[in-house]
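Working through the structure, step by step
Chain residues, written in single-letter form:
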Amino acid sequence: MQDTYRIAIGADDAGIAMKDAIAAYLTDRGFPVTDMSAAPSEDYPDVAERVAQSVARGEHERAVLICGTGIGMAIAANKVAGIRAAQIPDSYSAERARKSNDAQVACFGSRTMGVEAALVCLEHWLVSEFAGGGSAPKVEKIKQVESRNLRAA
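In short, a report on the structure. Please read these numbers as outputs of a predicted model, since none were measured by experiment.

1. A closer look at the pairing of strand E1 (residues 7–11)
- The buried fraction of E1 amounts to five of the five residues, a majority that puts the element mostly inside the structure.
- Pairing of E1 with strand E2 (residues 33–35) involves three bridges; the strand directions are parallel. Bridged to Ile9 within E2 is Asp35.
- For the handedness criterion, the β-α-β arrangement of E1, helix H1 (residues 16–28) and E2 is classed as right-handed.
- Note: E1 against strand E3 (residues 62–67), five bridges, orientation parallel. Bridging from a neighbouring strand, Ala11 pairs with Ile66 of E3.

Encoded structure:
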C-alpha cells in the first residue's frame, strides 16, 4: 500500500463546504491535493469529467468528487475511459469500492451525509487496496464492457 496518493478533488456548488473539509483533512494527512472544482458557469458533469480525466491520464492516483448526492458525479466520472467511480454512502461501501472494484474515484453526497461521516468513509477508502482474488475477473469484465462501449477522447 502506498503511503500517500496525489489526489484530485472537485465539487459543484452543493459540495463546496464538504469539499473544503475533505481537502483540509487530506492535506493534514500529507496527501498532495489539487482542487479542480466548478467555476461559476460549470455543472457537476464538467467537474467530474475534468477530475476523472486527470486520474485516467495518471496525473493523480485517486480522486474525490462531491455533489448533492454523489450519484451524478459517479455517473459522469464513469463515462471517462479507465475510470471506476463509486458513490460512497457508508464505510463498508468505501472499503468494498477499493477492495472489490478497484475504484480510483470516491463520490460523496453533501446533502445525504454529514462531513464527519464522509471523513470516516474517506479513511476506509484511503487505506483499502484492491484485493484481486475473486474480484479480479470481475474488474477485468468491467474493463471489457468499457472497451466495447467507451472510447477515449
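2. A closer look at the pairing of strand E5 (residues 105–109)
- Burial runs high along E5: five of the five residues are buried.
- Residues Val105, Cys107 and Gly109 line one face of E5 and the alternating positions Ala106 and Phe108 line the opposite face, and both faces are buried.
- With five bridges joining them, E3 and E5 adopt parallel strand pairing. Residue pairing in the sheet places Leu65 in a bridge with Cys107 of E5.
- As paired strands, strand E4 (residues 85–87) and E5 are joined by three bridges and run parallel to one another. When the bridges of E5 are listed, Gln87 appears paired with Cys107.
- Following the backbone out of E4, through helix H4 (residues 91–99) and into the adjacent parallel E5, one traces a crossover that is right-handed.

Rules and cut-offs
- Residues numbered from 1 in each chain as written.
- Predicted model: local features only at pLDDT ≥ 70, side-chain atom pairs only at ≥ 80, totals over all residues.
- Heavy atoms only, no water.
- Buried < 20%, exposed > 50% of the residue type's maximum accessible area, 1.4 Å probe, protein only.
- Helix = DSSP H or I, 4+ residues; strand = E, 2+ residues; numbered from the N terminus.
- Pairing = 2+ DSSP bridges.
- Right-handed = clockwise from strand over helix to strand, strands pointing away.

Keep in mind these values describe shape, not function.
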